[in-house]
Amino acid sequence: MRRRTLAILRKEFIHILRDWRSLLIIILMPVLMIVLYGYAITMDMRDIRFSVIDDARTPESRALVQAFSENGFFHLVPGPITHEDIPERFQRRDIHLVLVIPPEYSRDLARDHSTRVQLIIDASDNNVGTFVNNYSEQVLAGVMREMNGRAPLLFDITPRIFYNPDMRSTNFFVPGLVALILMLISALLTSIAITREKETGTMEQILVSPVRPLEIVIGKVLPYVLLGLLNAGVIVLSASVLFDVPIRGSLLLLGLLSLMFVFVALSFGLLFSTVARTQQIAMFMTLMATILPTIMLSGFIFPIASMPAVLRWIAQVLPATYYLTIVRGIMLKGIGLAELSTHALVLLGMGALLLLIATKRFQLRLE
Amino acid sequence: MNTPHDMDTTHDIAVEARELSKVFGAFRAVDSISLQVRRGEIFGFLGANGAGKTTAIRMFCGLLPPSAGAARVAGYDVATQARAIKQNIGYMSQKFSLYEDLTVAENIEFYGGVYGLTREGIRSTTARLLEELQLGDQRNTLTRALPLGWKQRLALSVSLMHQPSIIFLDEPTGGVDPISRRNFWRVIHDLAAAGTTVFVTTHYMDEAEYCERISIMYQGRIIDMGSPSELKRRHGKSSMQDVFVHLVNEPAAAQGAGGAA
Amino acid sequence: MRRIFYLVQKEFRQVFRDKSMIGILFVVPFIQLVLLGNAITTEVKHVRVLLGDRDGTPMSRAFLQSFGGTEYIDVVGRESDERAIARALDRGDASVAVVVPRHFQRDVLRGERPAVQVLADGIDGNSAGVALGYVSRIAAEYQARLISEDPALGRQLRDLRRVQAEPRFWFNPDLQSKVYVVPGIVALLLLIITVFLTSMGIVREKEIGTLEQLMVTPIRATQLILGKIIPFSILGMLEIAIAMGLVYVLFGIGVEGSLLLLFAESGLFILTTLGVGIFISTISETQQQALFVGWFFMIFAILLSGFFIPIANMPETVQYLTYLNPMRYFMVILREIYLKGSSLPHLLNETLAMVVFGVTVFSAAVWRYRVKLG
């Protein structure tokens, strides 16, 4: 039994190594991705362009405008603008925000100690809209502090930020990329590897030989497990070298749990390959099942807790959800198996279940 | 556009090559070959794998422009009139080239359409081919389910749908059982008898015997050419197998013979 | 023309031969559309908060009482021991802990301004910042209540000068994510389907030898390419039409601008992605290679399209890189027409960019084909 598995294994390795173009892509692509997206993905909005309709024209209103333009995030687009211009300007996309200061701005401030301004925000991208609003609130808070001096507060709030004191978004996203890349590459690899044999007819050859389904499956999966692990190593290494993402926990544990995750992802791909007849279909199935859910539902960018209930349930069955907690936990929190045992067990269970179904489906094909 | 019949009156030569060469980098895949194939002749290219047969055939079909020399197929220059050539030739390669995920009838319809047959023409041709190949019951079967021998015959029929004056067959019988192979060659003989020129490459020595004339290729060159009986006589051998081995092992004999031919 | 018809017919037959393809093209995408339409939001809800009370006075209890009761904060427990809190953060059981210090009530009444400690998991910096904001707001509201009960402090509060912001969110007043996400998913699905159907389809014909067979027929290269473009463009347009209908029926999101313009721009986008698919097929020998190259392009196109992360958030160099991404332009166009009702003059730059991209990629593909034949 072991010899046969070994034979399939060796063959699979030869396949992988011979097609150097694919190999190069498999190994280099993650590095490229981590470099590119590690830099690209941040949640810090820069350069919010705004214009002002200042109907007050008082020293106070000018101070307000100045507070916005000196904030660093906002960039004043000069020139007159009227209310009627706004739709046109938003459609031209040269500004995100119009700050409208009413004529009674200074009068209200002096008389009632309370005044208001209008923020007209282009919210066609709701994320941009939220950012612009939040940053504006910050500017206004600063303006009020300036006007009032030390506020007569009864108590203070002193935050202490754990794990990522500067709240750098690279620390958040780069470990997430590890999960994303591993999931996508591993699942694709196996689903294609097996359907390719089906398409070229070599699978029949293997199926008529006395090899057992489990042996085929193991022989098929193992090389890619190693490849996936290599990938994980390269990605984690570049994360820590290029982006100074700390690895506070045990590297060994990270490797072990990554192995488990790769195993799940591969089994996932394997399952698709038993369903699909052609490489094209295997590819579509895998892409549709992995790419959007992994990016959107696993907590990679968007917090799971904020999602509607149905989506939270779906997130619970995504392997990437668990692995994300594991990577971030080990790299940033420095936690160990004690805290992550549930996650590890869930991954193990998922992998075993998927592998079982895939092997069963193989047997069905044989009969 | 010229029909094959117009051409027949002006040319009796279907394929002609003069010092035709193809170079890939430093590698001379086809090295200055010259030949003439008459209309209605069965002409064979015999040689081991990598001898340059496929490259030569691809140049004749207008798939590859030659690096040097010239060739005319059906009266058209391969370097400048590839499209006119394609209208007048059929081609079937060692790679089985029907769509496995289309049915038999769909394959016929598709290639008929590609060759510009009318709707009516496609309908009648489909009926005729299914009848000839006795595939009537299989018309809606996926091609992948057919036995290899039938696939081959179907592929041949499909490549003849537009009634080309020349058909190029590149290792057409690879992997096919002997009975199917014999049947296949019977069709080829019928074709030639009806005036179609057949240009075939093979590395099966027994198949070489079916050809009226063969040229033996070795390392990109034609090292000898003639009818099978002529070649056997010239080298004093009893089978094409022996002739081939003799020529390949003794390049000197080949040189002399090639010069004589 | 008739030859192209047969090429198109063949392509459709092949795509739909496998019944699972129908599911892949027309069922799964729309399930995802419906499900994920609600998913993307940077709004932070259900922050898991631990409350710690080291004071145990009416005031500290009242303060902590004011947490919870909203969808923004879930109180998950009570804990004031720092080590236990750290463990809870480690395990991810809580992401924020609020700890009221000893002598809180006494110090407040003495005017000594005690400090309430907030411990937060900062890994997701954005969420952490927002969560801190929630805590501050609750603290501020509680103080306001205390102050209003104390006349002396009340006067001070009246002297406090305030500037209130009235935000108006145009085009998407409730900051709904689906308004924004759904067009994005449509673009994404189009991208996946068109790039992979063409690149893998052509490479497959290369692998099995039918492409060579087609090359010896009198078909012209342009006819061959049209035979690939037409069926997949039709499929792509169909996807768009279905998606738009679904979005209207399910989410009530209609197209603000010209439907015609939207379809024309979609067609243009599909042409650029088909061009990419064809180009990929010219540089790949096997379907696996085509798949990986296509995949790489796709991830690039998705993450740098402004779909998930606003392009304005990216570093300048990366922003330049996004100019090479046709999806970036299409995302803008789609959203502008959909939500703002913008017309062509406002979208001229994006449209031109896609035209340039399309022309370039098609020329490159044709050039590669020439090189291969020569």
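Since we're looking at a predicted model, the values are computed, not measured.

Participant: When you look at the overall build of chain A in this model, what are you seeing that I'm missing?
Facilitator: Across its full length, chain A holds 14 helices and five strands. Computed over C-alpha atoms, the radius of gyration of chain A comes to 28 Å, more than 25% over the 21 Å expected from 2.2 N^0.38 for 367 residues, which places it beyond the range of a compact globule. The principal-axis extent of the C-alpha atoms belonging to chain A is close to 90 × 45 × 35 Å. When the 367 residues of chain A are sorted by exposure, 50% land in the buried category. Sequence separation of at least 24 residues holds for 80% of the intrachain contacts in chain A that already meet a minimum separation of 6.

Participant: Would you explain the interface of chain B and chain C in this entry?
Facilitator: Contacts between the two partners involve 21 residues from chain B, matched on the other side by 20 residues from chain C. Contributions of two or more residues to the side of chain B that touches chain C are made by helix H3 (82-88), strand S6 (89-92) and helix H4 (104-114) of chain B. Top element by residues in the side of chain B that touches chain C is H4 of chain B. It accounts for four residues. For the side of chain B that touches chain C, the per-class residue count stands at eleven nonpolar, five polar and five charged.

Participant: It is not clear to me how unusual backbone geometry should be interpreted in this structure. Could you clarify?
Facilitator: In terms of backbone geometry, most residues other than glycine have negative phi values and most peptide bonds are trans. Look at Arg93 of chain A: it is not a glycine, yet its phi comes out positive at around 60°. Take Arg93 of chain A: it is sitting in the loop between helix H4 (86-92) and strand S3 (97-101). For Arg93 of chain A, a count of 18 C-beta atoms within 10 Å corresponds to the partly exposed category. In this structure, Arg113 of chain C is a non-glycine residue whose phi angle is positive, near 50°. In this fold, Arg113 of chain C is placed in the loop between helix H6 (104-109) and strand S4 (115-121).

Participant: So what exactly am I meant to see when it comes to the sheet that holds strand S3 (residues 42-47) of chain B here?
Facilitator: Sheet strands associate in pairs through backbone hydrogen bonding, adopting either a parallel or an antiparallel arrangement. Residue and element names in this part refer to chain B. The mixed open sheet is built from six strands, whose spatial order is S6-S7-S8-S3-S9-S10. Bordering the open sheet on either side are S6 and strand S10 (221-226), each of which pairs with just one other strand. Averaged over all adjacent pairs, the angle separating strand axes in this sheet is 15°, with direction ignored. Examined bridge by bridge, S3 and strand S9 (residues 213-218) share five bridges and lie parallel to one another.

Participant: Help me understand the interface of chain A and chain C in this model?
Facilitator: Interfaces are often sized by the accessible area lost when the parts come together. If you look at the interface, chain A gives 99 residues, while chain C gives 97 residues. Going through the elements one at a time, helix H2 (20-40), H4, strand S4 (114-122), helix H6 (126-148), strand S5 (156-162), helix H7 (169-200), helix H11 (279-297) and helix H13 (319-333) of chain A are the ones with two or more residues in the side of chain A that touches chain C. The biggest single contributor to the side of chain A that touches chain C is H6 of chain A, with 13 residues. Residues belonging to the side of chain A that touches chain C are distributed by class as follows: 57 nonpolar, 24 polar and 18 charged. Where S4 of chain A meets strand S5 (residues 162-170) of chain C, nine bridges bridge the pair, whose relative direction is parallel.

Participant: What is the right way to read the confidence of the model for chain A from this model?
Facilitator: Atomic detail in the predicted coordinates should be set aside for any region of low pLDDT. On average, residues of chain A score 82 in pLDDT, and 92% of them are at 70 or above. Within chain A, the lowest mean pLDDT, 67, falls on helix H8 (residues 202-208) of chain A, and the highest, 92, falls on S3 of chain A.

Participant: Just checking my understanding: could you explain the arrangement of the chains for this structure?
Facilitator: Sorting the two pairs of chains in contact by contact count puts chains A and C at the top. Separating chain A from chain B is a minimum C-alpha gap of 10 Å, and the two share no contact.

Participant: Could you clarify how one ought to interpret the sheet that holds strand S4 (residues 68-73) of chain B in this entry?
Facilitator: Residue and element names in this part refer to chain B. Here four strands make up an open sheet; going across it, the order is S2-S1-S4-S5 and the pairing antiparallel. The strands lining the two open edges of the sheet, one partner per strand, are strand S2 (27-38) and strand S5 (76-77). Two elements, S4 and S5, share two bridges in a ladder whose sense is antiparallel. Each bridged residue has a counterpart across the sheet, and for Arg72 the counterpart in S5 is Asp77. Where helix H2 (residues 53-60) meets the sheet, its contacts fall on strand S1 (13-24), S2 and S4, and the angle it forms with S2 comes to roughly 60°.

Participant: Just to check I follow, could you spell out the packing of helix H9 (residues 228-235) of chain B against helix H10 (residues 240-249) of chain B for this structure?
Facilitator: If you want to describe how two helices pack, look at the angle between their axes and the distance between the axes. All names here are of chain B. Interaxial distance between H9 and H10 falls to 9 Å at its minimum, and their mutual angle equals 55°. The angle between H9 and H10 falls in the class oblique. For the element pair H9 and H10, the recorded crossing hand is left-handed. From H9, Pro228, Leu231, Lys232 and His235 reach across to H10, where they touch Met240, Val243 and His246. Its residues assigned to classes, the contact of H9 with H10 shows four nonpolar, two polar and one charged.

Thresholds, definitions, all that
- Residues numbered from 1 in each chain as written.
- Chains lettered and ligands numbered in written order.
- Predicted model: local features only at pLDDT ≥ 70, side-chain atom pairs only at ≥ 80, totals over all residues.
- Helix = DSSP H or I, 4+ residues; strand = E, 2+ residues; numbered from the N terminus.
- Rg over C-alpha atoms; globule rule 2.2 N^0.38 Å.
- Buried ≥ 20, exposed ≤ 12 C-beta atoms within 10 Å, placed from the backbone.
- Contact = placed C-beta atoms within 7 Å.
- Nonpolar A, V, L, I, M, F, W, Y, C, P; charged D, E, K, R; others polar.
- Pairing = 2+ DSSP bridges.
- Axes fitted to C-alpha atoms, helices over the stretch in contact; angles between N-to-C directions.
- pLDDT = per-residue confidence, 0-100.
- Parallel < 35°, antiparallel > 145°, perpendicular 65-115°, else oblique.
- Left-handed = near helix turned anticlockwise from the far one by under 90°.

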